Amino acid sequence: MSKLGQVVEAVENYNTFVLDQVKRARSDEQFGRELLGRWNDIKAKIPVTRTPTGLPLPRLALPEIDDPGEIARYFFGEGLPGEFPFLNGAYREMYLEPVREVESFEKDGGSGRARPPGAPDKKISQAEEPTRLFSGLMLAEDTNERFHYLTQHQRTHRLSTAFDGPTLYGIDSDADGVFGKIGEGGVAIDTVEDMVRLYDGFDLGSPNFSASMTIRGPAPIIMAMYIAAAKRRFGPKVVPKLRGTIQADIFKEVQAQNETIFPIEASLRFLTDMVEFTTHEMPRWYPISISGYHIGEAGSTPVQQAAYTLSNGFAYAEMFTARGIPVDQFGPRLSFFLDCGLDAEYIALARVSRRIWAIGMRDAFGAGQRGQLFKLHTQTSGRSLIAAEFKNNLTRTAAELMLAYINATNSCHSNSADEPFTTPSEEWIRLAAHGQAILLEESGIFKHTMNMLSGSPGMKAVERAVEVAILNEFREIERLGGVLAAVEDRFQRSQIQKAAHRYEQQIYDGTRPIIGLNKYRNGEDDAPEIKLARTPRAKQQLQVDRLKKFKKKNAEKAKRTLDKLVDVVERGENCFPALLEAVEVSSLGQITGRLQEVVGRFRPMV
């Protein structure tokens, strides 16, 4: 039995354990009294907060139950927020306003009088916002300008970076046939100098800054460039302070996308080299974001998205363990990325994923509590954005944001309504960011009480159905020989393609209503006037000129460092330290090209 099979067995055994605890609580009076005593003690110690209108609310909402069996079901089957199995949240408090001491309405008669002069402000520092904004356009300095625009009102700067097509494929901007793609759909990054420009003005070593980079095939090279850029600006001591994540998920790339540049075995080896280095040297960095978002965007069902993402995560855990990296070192450094659409499954998809991951990592891998946490970034569904009557996308995204926060996501990105046409403009990206701010800051839905909307009968029904369906997907992958064998058999990709076809057929025949597209159309088919974001030819030429100057300046040093990199790869050693040297004087395309000479190129399976 592989590790994935052990995970299935662990979840089933844990579910049996929960039922046994429920029965024991109802038959063993002492055990039942202990549970009831703990329950009442927890409830008695929950702080009370007040809404702006003066309504008292507990900072943690718990079900009104006093039956020891149901209390056991809650403690063991769900867990308090921040407690195993983490169904209700990875952490004890998320999104809540800081605790503050305020005069009650009973004392001031609801006048809302200001604090007396000289009185101490009891407000504590707020946790960082969950909002992570995604951007990438034209050249590094253009994206940098957009980053500063997006973060001007944020306490914490959590940036997410999109790269252009040539960068995603490890190709230099001066390569034949790519000129028109430079800076289109993302930022062009060829050298460490570009990386310095990209994050100029941000304190990369600050605890209030983190960077996320959406890239897969060349991820180790881009990661090395980021480290090198940080060292250029802040010195070598900044490296352990760097916070953020790089996507780097090769499995989902083969399953759902096509941005794989090395053969699978070599890709996984380079990834593991990077994970090994960052785990030892960068304790605040997440070296892989295991991504279901692109699986969902490629057409999977929500259950397939969660099942393939989780199984990929367990496969990576097995791979890193085989390298000799202790699970309690790499486990806390794994993060996840799911989309959130409008299907019913999304009311509980992330909650169930969090529970399965915790049980699997604890019982199949022996991970401690920090390694059991399913730390999740959610992005609203790009696939749900429709060009027809595109302003409706604001409503779609708002509904998806609500679902994401009900699932207690750790961070979130909201898509812009104009994305069916172009890279988001400042107007629409501002509205997308405001959607999160309205939910988290203006409304009181999430800022006063944990568990405000969780635990409804409908949510519980979805949880049960989704868990069963995910475990069934695991069983099929296990039957095929595990994740890698299933990938080589094109299992996940074929299943995603079938689901995508079914989705489009449902839109075509009307069984899946899309407002403004196949239902309630206003009869107008004229495309709206949208200004397309394009990279001017002068900027594209500037990028090429800079790159050629960099290559000319570093030609001799680049040859030496690339020769050293190739030698390390051929000896089977960890190549990431040599990669750190290479990026100082070599371009992305130069490094990719030399590595492909050694390990070959990825060839799609047929």
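Read on for a plain summary of the structure. (Residues numbered from 1 in each chain as written. Predicted model: local features only at pLDDT ≥ 70, side-chain atom pairs only at ≥ 80, totals over all residues. Heavy atoms only, no water.)

### Remarks on the overall build of the protein
So, point 1. Counting secondary structure elements, the protein contains 24 helices and eleven strands.
So, point 2. Here the C-alpha atoms of the protein give a radius of gyration of 25 Å, agreeing with the 25 Å that 2.2 N^0.38 yields for 606 residues.
So, point 3. Burial analysis of the protein (606 residues in total) assigns 55% to the buried set.
So, point 4. Sequence separation of 24 or more characterises 78% of the internal contacts of the protein that already satisfy a separation of 6 or more.
So, point 5. If you sum the accessible surface of the protein, you get close to 26200 Å²; carbon and sulfur atoms cover 52% of it.
So, point 6. Averaging the locations of the 76 positively and 79 negatively charged side chains of the protein gives two centres separated by 3 Å. (Helix = DSSP H or I, 4+ residues; strand = E, 2+ residues; numbered from the N terminus. Rg over C-alpha atoms; globule rule 2.2 N^0.38 Å. Buried < 20%, exposed > 50% of the residue type's maximum accessible area, 1.4 Å probe, protein only. Contact = heavy atoms within 4.5 Å. Areas by Shrake-Rupley, 256 points an atom, 1.4 Å probe, with all protein chains shown as cover. Lys, Arg positive; Asp, Glu negative; His and termini not counted. Charge placed at Lys NZ, Arg CZ, Asp CG, Glu CD.)

### Here's the deal with helix α16 (residues 393-406)
So, point 1. Taking 1.5 Å as the rise per residue, α16 with 14 residues should run 20 Å; its terminal C-alpha atoms sit 20 Å apart, in good agreement.
So, point 2. All buried positions along α16 are accounted for by Asn393, Arg396, Thr397, Glu400, Leu401, Leu403, Ala404, Tyr405 and Ile406.
So, point 3. Directly after α16, the chain includes Ala408, whose backbone phi takes a positive value near 60°. (Expected span 1.5 Å × (residues − 1).)

### Examining the sheet that holds strand β9 (residues 334-340)
One key point about sheets: their strands pair by backbone hydrogen bonds, in either a parallel or an antiparallel sense.
So, point 1. Across the sheet, which stays open at both edges, the four strands sit in the order β8-β9-β10-β11 with parallel pairing between neighbours. Since the sheet does not close on itself, it has two edges, and those belong to β8 (288-291) and β11 (411-413), each with one partner. Neighbour-to-neighbour, the strand axes of the sheet open up by a mean angle of 25°, direction not taken into account.
So, point 2. Where β8 meets β9, four bridges bridge the pair, whose relative direction is parallel. Within β9, the position partnered with Ile288 by the bridge is Leu334. (Pairing = 2+ DSSP bridges. Axes fitted to C-alpha atoms, helices over the stretch in contact; angles between N-to-C directions.)

### Points about empty space enclosed by the protein
Rolled over the atoms, a probe with the dimensions of a water molecule shows which regions are left empty.
So, point 1. Here the structure, examined in full by the defined rule, presents five cavities of 30 Å³ or more.
So, point 2. Space inside the largest cavity adds up to approximately 160 Å³.
So, point 3. Lining of the largest cavity is provided by 15 residues; of these, Tyr405, Ile406, Phe446, Asn451 and Met452 occupy positions nearest its centre.
So, point 4. Residue composition of the lining of the largest cavity, grouped by class: ten nonpolar, four polar and one charged.
So, point 5. The calculated volume of the second largest cavity comes to roughly 70 Å³.
So, point 6. As for the second largest cavity, its lining consists of Leu338, Asp339, Cys340, Tyr346, Leu349, Ala350, Leu376, Thr378, Leu403, Ala404 and Asn407.
So, point 7. Going through the elements one at a time, β9, α14 (349-363), β10 (376-380) and α16 are the ones with two or more residues in the lining of the second largest cavity.
So, point 8. Here the lining of the second largest cavity takes three residues from β9, the largest share from any one element. (1 Å grid on protein atoms, 1.4 Å probe; cavity = no way out; pocket = protein on both sides within 12 Å on 5 of 7 lines; lining within 4 Å. Points joined across faces, edges and corners; volume = space filled by probe spheres on them. Nonpolar A, V, L, I, M, F, W, Y, C, P; charged D, E, K, R; others polar.)

### A look at the packing of helix α10 (residues 264-281) against helix α12 (residues 302-323)
So, point 1. At their nearest, the axes of α10 and α12 sit 11 Å apart, and the two run at 70° to each other. Put simply, α10 runs roughly perpendicular to α12. Like other packed secondary-structure pairs, α10 and α12 cross with a definite hand, here right-handed. Between α10, through Leu268, Arg269, Leu271, Thr272, Asp273, Val275 and Glu276, and α12, the contact on the second element is made entirely by Tyr316, Met319, Phe320 and Arg323.
So, point 2. Looking at side-chain class alone, the contact of α10 with α12 contains six nonpolar, one polar and four charged residues. (Parallel < 35°, antiparallel > 145°, perpendicular 65-115°, else oblique. Left-handed = near helix turned anticlockwise from the far one by under 90°.)

### A few points about the pairing of β9
So, point 1. The buried count for β9 comes to seven of seven residues, which makes it a mostly enclosed element.
So, point 2. Neither face of β9 is left uncovered, since the one carrying Leu334, Phe336, Leu338 and Cys340 and the one carrying Ser335, Phe337 and Asp339 both have all their residues buried.
So, point 3. Pairing of β9 with β10 involves five bridges; the strand directions are parallel. The residue bridging Phe336 from the neighbouring strand is Leu376, located in β10.

### Thoughts on the environment of Leu338
So, point 1. As for its position among the elements, Leu338 is in strand β9.
So, point 2. According to the relative accessible area criterion, Leu338 is buried, its value standing at 2%.
So, point 3. When the C-alpha atoms of Leu338 and Met319 are compared, they prove to be 22 Å apart, with 19 residues separating the residues in sequence.
So, point 4. Ignoring anything within four residues of it in the chain, the contact list for Leu338 reads Gly292, Tyr293, Gln305, Thr309, Ala350, Ser353, Phe374, Leu376, His377, Thr378 and Gln379.

### Things to note about the packing of aromatic side chains
So, point 1. Counting across every chain of the model gives 28 aromatic pairs.
So, point 2. Taking the centre distance of 5.5 Å and the plane angle of 75° together, the rings of Trp39 and Tyr74 count as edge-to-face. A residue pair is termed long-range when its members are at least 10 positions apart, and Trp39 in helix α2 (residues 29-44) and Tyr74 in helix α3 (residues 68-78) qualify at 35 residues. Here Trp39 and Tyr74 have matching classes, each one buried. (Phe/Tyr/Trp six-rings, centres within 6.5 Å; stacked < 30°, edge-to-face > 60°.)

### Examining the pairing of strand β4 (residues 157-162)
So, point 1. Here β4 lies mainly inside the structure; five of its six residues are buried.
So, point 2. Pairing analysis gives six bridges linking β4 to strand β5 (residues 209-214), with the strands arranged parallel. Within β5, the position partnered with Arg158 by the bridge is Ser210.

### Quick word on the pattern of salt bridges
So, point 1. Considering all chains together, one arrives at 39 salt bridges under this definition.
So, point 2. A salt bridge links Glu70 to Arg73; the shortest N-O distance between them is 3.1 Å. Of this pair, Glu70 and Arg73 both sit in helix α3, three residues apart, which is roughly one turn of that helix.
So, point 3. Residue classification places Glu70 among the partly exposed positions, given a relative accessible area of 27%. (Salt bridge = Lys/Arg side-chain N within 4 Å of Asp/Glu carboxyl O.)

### Describing the nonpolar core
So, point 1. Ranked by size, the top nonpolar core spans 151 residues in total, and within it Tyr199, Tyr226 and Phe474 carry the most contacts.
So, point 2. Ignoring sequence-local partners within four residues, the contact set of Tyr199 consists of Asn144, Phe147, Leu159, Thr161, Leu204, Phe209, Ala211, Ser212, Met213, Tyr226 and Arg233. (Core = buried A, V, L, I, M, F, W, Y, C linked by side-chain atoms within 4.5 Å.)

### Quick notes on the environment of Val254
So, point 1. Here Val254 shows up in helix α9 (residues 250-256).
So, point 2. Val254 sits in the buried class, given a relative accessible area of 8%.
So, point 3. Sequence separation of Val254 and Leu542 is 288 residues, and the distance between their C-alpha atoms is 34 Å.

### A look at the state of the cysteines
So, point 1. Counted by the stated rule, this structure contains zero disulfides.
So, point 2. With no disulfide partner, Cys340 has as its closest neighbouring cysteine sulfur the one in Cys412, 7.6 Å distant. (Disulfide = S-S within 2.5 Å.)

### What to know about the side chain of Thr449
So, point 1. Along the chain, Thr449 turns up in the loop between α17 (426-442) and α18 (457-479).
So, point 2. Within the structure, Thr449 has its side chain in polar contact with the backbone oxygen of Pro58 (distance 2.7 Å).
So, point 3. Excluding residues within four positions of it along the chain, Thr449 makes contact with Leu57, Pro58, Arg59, Leu60, Ala61 and Leu96. (Polar contact = N/O pair within 3.5 Å; in protein donor to acceptor, adjacent residues only side chain to side chain.)

### Some details on the packing of α2 against α3
So, point 1. Axis separation between α2 and α3 bottoms out at 9 Å; the angle between their running directions is 65°. Classified by the angle between their axes, α2 and α3 sit roughly perpendicular to one another. Between α2 and α3 the crossing geometry is left-handed. Of the residues in α3, those touching α2 at Phe31, Gly32, Leu35, Leu36, Arg38, Trp39 and Ile42 are Pro68, Ile71, Ala72, Tyr74, Phe75 and Phe76.
So, point 2. Tallied by class, residues from the contact of α2 with α3 come to eleven nonpolar, one polar and one charged.

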